[in-house]
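Coordinate inspection notes
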Amino acid sequence: MLKTGKSLRLRRLSLAGDGRYLFVPLDHSVSDGPLVPAGQWDDLLRALVAGGADGIIVHKGRARALAPEVLRSCALVVHLSASTACSADVDAKVLVGDVEEALRLGADAVSVHVNIGSDTEGQQLADLGAVARSCDDWGMPLIAMIYPRGPRIENPRDPALLAHLVNVAADLGADMVKTSVALPLERMAEVVAHSPIPVLAAGGPPDGSDLIEYGTAVMASGCHGLAVGRRIFSAPSPASLVSGLAAVVHGRGADGITPGDTGQATRPDEKADGMGMTHYSTIVAGVA
């Protein structure tokens, strides 16, 4: 079969070539503010690459400032959506870049954020569709970051609702979809079963509990990968934590990871089910 530009780029998004992905979103600097002091930015990137991240997700200005050698073994995803925590409507997302810009920056993929249930859902869906068309024109993979957020959402962890969302992403042209995890977490398998494209689980428990254990449970549900940002770039040792998560995502186990690297917190009410999953109904309630 003739290889297209999109198929070649999709292959580069998975370091192991196994169709599994560990992405580290670093777009929070637009929405929330600086991640690290400016002088530590390159060190953070090198730590993520050394740990084995499959890709980083940044805005176009940050991508423009990257030293080419930093990403020799890590894919570049340029995020095209933005909003800030100061906005009158924090669920509203607007396009601030396009596929052609991302191509000129050497991107392997682009991502677009959509909040279903928000007051501006219609425009965000239109933006996703327009970017998908441009991605097809240019052979660029598209990651849809699609979440149930807004005044019309009663239960953002409802598996049926999340299954709907991943199909919206697929039907409008995304190649893979990042979304919230269902609760209880083992029901994430239902979301994955209804998705025609790879599903990436967003975030991780925000309370300091074990991120490696969370990642293991997510992958056991059938997800194709993880997209974890804040819990990684705020960790004492981002490289070590990424290494552990990469091992989980690519099926190599997570030996050698210390409790300090996982952010492990012991909870007396944690119980594993027959699939080796932990019930995170309380832990994950605030996860993106």
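Here's a quick rundown of the structure. Here the structure is a predicted model, which means the values were calculated and not measured.

1. A closer look at the overall build of the chain
- A tally of regular secondary structure across the chain gives 12 helices and 10 strands.
- Out of the 288 residues in the chain, the part that is buried amounts to 54%.
- Taking as baseline every contact in the chain between residues at least 6 positions apart, the subset at least 24 positions apart corresponds to 68%.
- Summed over its atoms, the accessible surface of the chain is roughly 12,100 Å², and 53% of this surface lies on carbon and sulfur atoms.

2. Remarks on the side chain of Gln124
- The residue Gln124 is located in helix H6 (residues 121-138) in this model.
- Judged by its relative accessible area of 1%, Gln124 falls in the buried class.
- Engagement of the side chain of Gln124 in a polar contact is seen with the side chain of Ser118, the distance being 3.2 Å.
- Residues contacting Gln124, with those up to four places away along its chain left out, are Asp91, Ala92, Lys93, His113, Val114, Asn115 and Ser118.

3. Let's talk about helix H7 (residues 159-171)
- Compared with an ideal rise of 1.5 Å per residue, which puts 13 residues at 18 Å, H7 spans 18 Å between its outermost C-alpha atoms and is within 8% of the ideal.
- Of all the residues in H7, the buried ones are Pro159, Leu162, Ala163, Leu165, Val166, Val168, Ala169 and Ala170.
- Elements in contact with the buried residues of H7: strand E6 (109-116), H6, strand E7 (142-148), strand E8 (176-179), helix H8 (188-193) and strand E9 (199-202).
- Among the residues trailing H7, Gly173 stands out with phi positive, at a value near 110°.

4. Some words on the pairing of strand E2 (residues 55-58)
- Neither face of E2 is left uncovered, since the one carrying Gly55 and Ile57 and the one carrying Ile56 and Val58 both have all their residues buried.
- Of the pairings in the sheet, the one linking strand E1 (residues 21-25) to E2 comprises 3 bridges and is parallel in character. Across the sheet, Val24 pairs through a bridge with Ile56, a residue of E2.
- Where E2 and strand E3 (residues 75-79) come together, 4 bridges link them in parallel fashion. Following the sheet pairing, Gly55 is matched in E3 by Ala75.

5. Focus on unusual backbone geometry
- Going from Leu183 to Pro184, the amide bond is cis rather than trans, its omega being -5°.
- Looking at the secondary structure, you find Pro184 in the loop between E8 and H8.

6. A short note on the packing of aromatic side chains
- Going through the model one piece at a time under the given rule, you end up with 1 aromatic pair.
- When the ring centre of Tyr147 is taken as reference, the NZ or CZ atom of Arg149 above it lies at 4.1 Å.

Rules used in this analysis
Numbers given for residues are sequential positions, taken from 1 along each chain in its written order. For a predicted model such as this one, the threshold for reporting local features is a pLDDT of at least 70, and the threshold for listing and counting side-chain atom pairs is 80 or more; totals across whole chains, interfaces and linings nevertheless cover every residue. Heavy atoms throughout the structure, all of them, feed into the side-chain values; hydrogens and water do not. Only runs of H or I of at least four residues qualify as helices and only runs of E of at least two qualify as strands under DSSP, and these elements are numbered from the N terminus. Under the scheme applied here, a residue whose accessible area is under 20% of the maximum for its type counts as buried, over 50% as exposed, and between as partly exposed, the area being computed with a 1.4 Å probe on protein chains only. Here a residue-residue contact requires only that any non-hydrogen atoms of the pair lie within 4.5 Å. Per-residue and other accessible areas follow the Shrake-Rupley method at a 1.4 Å probe size, with only the shown protein chains counted as cover for residues. Counting of polar contacts relies on pairs of N or O atoms within 3.5 Å, with two restrictions inside protein: one atom must be capable of donating a hydrogen and the other of accepting it, and residues adjacent in sequence are counted only when both atoms are side-chain atoms. Multiplying 1.5 Å by the residue count of a helix minus one yields the expected span of that helix. What makes two strands pair is DSSP finding at least two bridges between them. Note on aromatic pairs: the rings of Phe, Tyr and Trp (six-membered ring only in Trp) are paired at centre separations within 6.5 Å, and the planes decide the class, stacked below 30 degrees, edge-to-face beyond 60, tilted for the rest. As a reminder, the over-ring test applies to NZ of lysine and CZ of arginine, requiring each to be within 6 Å of the ring centre and within 35 degrees of the ring normal.

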